Amino acid sequence: MKPDLFQALDYYNLDELLTDEHKMVRDATREFVKREVSPIIEQAAQDAKFPDQLIKGLADIGAFGPYIPEEYGGAGLDQISYGLIMQEIERGDSGIRSTASVQSSLVMYPIFKYGTEEQKKKFLPKLASGEMIGCFGLTEPDHGSNPGGMTTNFKDKGDHYLLNGAKMWISNSPFADIAIVWAKNEEGRIHGLIVERGMEGFTTPETHNKWSLRASATGELIFDNVNVPKENLMPGKSGLGAPLGCLDSARYGIAWGAIGAAMDCYDTALRYAKEREQFGVPIAAKQLQQKKLAEMVTEITKAQLMAWRLGTLRNEGKATSAQISMAKRNNVEMAIKIAREARQVLGGMGITGEYSIMRHMMNLESVITYEGTHDIHLLITGLDITGHAAF
Ligand SMILES: Cc1cc2nc3c(=O)[nH]c(=O)nc-3n(C[C@H](O)[C@H](O)[C@H](O)COP(=O)(O)OP(=O)(O)OC[C@H]3O[C@@H](n4cnc5c(N)ncnc54)[C@H](O)[C@@H]3O)c2cc1C
């Protein structure tokens, strides 16, 4: 892979809207990605192997639980800093960002929001330091876009719960130490349980042959009469709103992350277009290539403004789920379109692992599907503006 020459794009001087802390956090993450992620990520993706040597560094830059309070080991940062961290990590690779997103928003967040004080003290500091890795089990083989139909269930057996069922498409599952599992009780009410590796009847087979997010490990969670201690149920919230609350936080991070992938594709295409000569001039001098590049810079700038505004709303506790859906949907589509156009700017070179674009493009096929598909987010906006659910 070529050396990482990335230069960030700030066409509307958005840096002026950031605090010194935001810029410090962002620059530290950018530096980490250049130093630790870029040199190894292409090989990790080719080998379909999660580069676990990055875990300590991700923890050190505050990527695990950026907005979780410091008393529980988190970085105690605001939502803009969280977004900027996700942007910079995904600039390196969506799979690495997925690991950080899951750990922060889908594992630490529910424990922090819905867990007992004992659960917070037991798990959060170890998750923040990377000593422990978690995963989030909502999707099932027969229930993806409609998680409320889940069949994974637990029964009250007096001194413990008996858990049965299966989850699939679970990021980090093959190596996770704990799983946040959403399951129905005997009354059909959804609750979150903390299932720990080593519990008898709990297995996590890996899903192979992915063409996307190859540097992220994905797998199943299988529960075959697993005895879960009662103290592992998170009592703070039940019903579908509990997992959806976590997804809001993760989707917000994706809205920023996708900008990182798009910026990397744009930056690579711009540099290539200036250097590559055909018909005696750089291809950057050709109108058709300029159209592609000018549209990319425009779309990235719009996405940056959207993410920044959403971050300020989240800091004020005012962002709605529908606003988050809109930003996730818009920004991921923006990134995938830019990846496809940028790939073309590089001609044949665009399909090789010498450049990051094709990897981003394939990764974004998962990002546009997980955490609510592109179409489902459109239906969420439709519901919000019309009052009619069309799911
Ligand atoms: C790499 C990867 C990692 C993932 N990680 C996790 C994870 O960590 N934890 C987790 O719980 N899940 C995870 N997921 C699962 C992901 O969230 C689901 O794939 C997603 O929600 C879609 O579910 P599905 O694949 O079953 O598709 P389906 O729900 O079967 O949808 C198929 C198609 O039908 C469309 N569709 C569905 N319902 C409607 C409707 N009412 N109207 C119109 N169109 C509709 C969808 O938009 C989609 O295009 C991951 C997925 C991938 C690919």
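Refer to the preceding data block for the structure.
The shown structure was predicted, so the numbers you read here are calculated from the model rather than taken from an experiment.

Here's the deal with the overall build of the protein chain
Link 1 in the chain: The secondary structure content of the protein chain amounts to ten helices and ten strands.
Link 2 in the chain: Considered along the principal axes of its C-alpha atoms, the protein chain spans approximately 80 × 45 × 40 Å.
Link 3 in the chain: Relative to its 391 residues, the protein chain shows a buried fraction of 55%.
Link 4 in the chain: For the protein chain, the exposed area adds up to about 16700 Å²; of that, 51% sits on carbon and sulfur atoms.
Link 5 in the chain: Looking at charge distribution, the protein chain has the averaged site of its 42 positive side-chain charges lying 4 Å from that of its 50 negative ones.

Here's the deal with the site of the ligand
Link 1 in the chain: Within the structure, the ligand sits among 18 residues, and F136, T139, S145, W169 and T373 are positioned closest to it.
Link 2 in the chain: The side chain of T139 places a nitrogen or oxygen atom 2.7 Å from a nitrogen atom of the ligand.
Link 3 in the chain: Between an oxygen atom of the ligand and a side-chain N or O atom of S145, the distance comes to 2.6 Å.
Link 4 in the chain: When the ligand sits alone it has 970 Å² of accessible area, and the protein chains cover 68% of it.
Link 5 in the chain: Residues belonging to the shell around the ligand are distributed by class as follows: nine nonpolar, seven polar and two charged.

A closer look at the pattern of salt bridges
Link 1 in the chain: Throughout the structure, instances matching the rule amount to 22 salt bridges.
Link 2 in the chain: A salt bridge links R30 to E88, with the shortest nitrogen-to-oxygen separation between them at 2.8 Å. In this pair, R30 is assigned in helix 1 (residues 20-47) and E88 in helix 3 (residues 79-92), connecting sequence segments 58 residues apart. Summarising the burial analysis for this pair, R30 and E88 share the class buried.
Link 3 in the chain: Among the charged side chains, a salt-bridge network with shared partners connects D4, R91 and D264.

Topic: the pairing of strand 3 (residues 160-171)
Link 1 in the chain: Direction of pairing for strand 2 (residues 153-156) relative to strand 3: antiparallel, over a ladder of four bridges. Pairing of F154 across the sheet is with L163, part of strand 3.
Link 2 in the chain: Here strand 2 folds back onto strand 3 in antiparallel fashion, the turn holding three residues, of which G158 has a positive phi close to 90°.
Link 3 in the chain: Strand direction decides the pairing type here: strand 3 and strand 7 (residues 218-229), joined by nine bridges, are antiparallel. If you follow A166 over to strand 7, its bridge partner there is I222.

Quick notes on unusual backbone geometry
Link 1 in the chain: At N209, a residue that is not glycine, the phi angle is positive and equals roughly 65°.
Link 2 in the chain: The residue N209 is located in the loop between strand 6 (202-203) and strand 7 in this model.
Link 3 in the chain: Positive phi is not limited to glycine here, since L213 has a value of about 45°.
Link 4 in the chain: The class for L213 is buried, based on a relative accessible area of 4%.

A word on the packing of aromatic side chains
Link 1 in the chain: Applying the stated criterion across every chain yields a total of eleven aromatic pairs.
Link 2 in the chain: Summarising the aromatic geometry, the rings of F50 and F175 are spaced 5.0 Å apart at their centres and angled 10° between planes, so their arrangement reads as stacked. Placement of F50 in the loop between helix 1 and helix 2 (55-60) and of F175 in the loop between strand 3 and strand 4 (178-184) is noted, with a sequence separation of 125 residues between them.
Link 3 in the chain: Take F50: its relative accessible area is 8%, and that puts it in the buried class.
Link 4 in the chain: Members of the aromatic cluster, each reached through a chain of ring pairs, are Y67, Y82, Y109, Y114, F136, W182 and Y252.
Link 5 in the chain: Across the ring face of Y252, the terminal group of R314 is positioned such that the distance to the ring centre comes to 4.9 Å.

Comments concerning the side chain of T29
Link 1 in the chain: When you line up the elements, T29 lands in helix 1.
Link 2 in the chain: Contact partners of T29, with chain neighbours within four places excluded, come to I61, I85, E88 and I89.

A closer look at a nonpolar patch on the surface
Link 1 in the chain: A contiguous nonpolar patch, built from Y11, Y12 and L305 and spanning about 360 Å² of accessible area, is present on the exposed surface.
Link 2 in the chain: Among the residues examined, L305 registers a relative accessible area of 34% and is labelled partly exposed.

Thoughts on helix 3
Link 1 in the chain: For helix 3, built from 14 residues, the straight-helix expectation of 20 Å at 1.5 Å per residue is met to within 8% by its first-to-last C-alpha distance of 20 Å.
Link 2 in the chain: Within helix 3, 14 of the 14 residues are buried, which leaves the element mostly enclosed by the surrounding structure.

Each value, and the rule that gives it
Note on numbering: residues in each chain are counted from 1, in written sequence order. Reporting of local features is limited, given that this is a predicted model, to residues whose pLDDT is at least 70; pairs of side-chain atoms are given and counted only at 80 or more, and all residues count toward the totals for whole chains, interfaces and linings. With hydrogens and water set aside, each side-chain value is computed from the structure's full complement of heavy atoms. Helix and strand assignments come from DSSP, with helices taken as H or I runs of at least 4 residues and strands as E runs of at least 2, each series counted from the N terminus. Exposed residues in this analysis have more than 50% of their type's maximum accessible area, buried residues have under 20%, and partly exposed residues fall in between, with area computed by a 1.4 Å probe over protein chains only. Methods summary: accessible areas were calculated by the Shrake-Rupley approach with a probe of 1.4 Å, and residue burial reflects only the protein chains presented. Under the counting rule used here, the positive set is Lys and Arg, the negative set is Asp and Glu, and His together with the chain ends is not counted. Note that the charge is assigned to NZ on lysines, CZ on arginines, CG on aspartates and CD on glutamates. If even one non-hydrogen atom of a residue comes within 4 Å of a molecule or strand, that residue is called near it. What qualifies as a polar contact is a pair of N or O atoms within 3.5 Å, subject to a donor-acceptor requirement within protein and to the restriction that residues adjacent in sequence count only when both atoms come from side chains. Asp, Glu, Lys and Arg are counted as charged, while Ala, Val, Leu, Ile, Met, Phe, Trp, Tyr, Cys and Pro are counted as nonpolar; the rest, among them Gly, fall into the polar class. Note on definitions: salt bridges are taken to be side-chain nitrogens of Lys or Arg within 4 Å of carboxyl oxygens of Asp or Glu. For two strands to count as paired, DSSP must find a minimum of two bridges between them. Two rings from Phe, Tyr or Trp (for Trp, the six-membered ring) form a pair when their centres sit within 6.5 Å of each other. Planes less than 30 degrees apart are called stacked, planes more than 60 degrees apart edge-to-face, and all others tilted. The criterion for a charge sitting over a ring is simple: Lys NZ or Arg CZ within 6 Å of the ring centre, and within 35 degrees of the ring normal. By definition in these notes, contact holds between two residues if any of their heavy atoms fall within 4.5 Å. The patches described consist of residues with a relative accessible area above 30% and no salt bridge, like charges being joined within 9 Å and nonpolar side chains (Val, Leu, Ile, Met, Phe, Trp, Tyr) within 5 Å. Between the first and last residue of a helix there are one fewer steps than residues, each counted as 1.5 Å, and that sum is the expected span.

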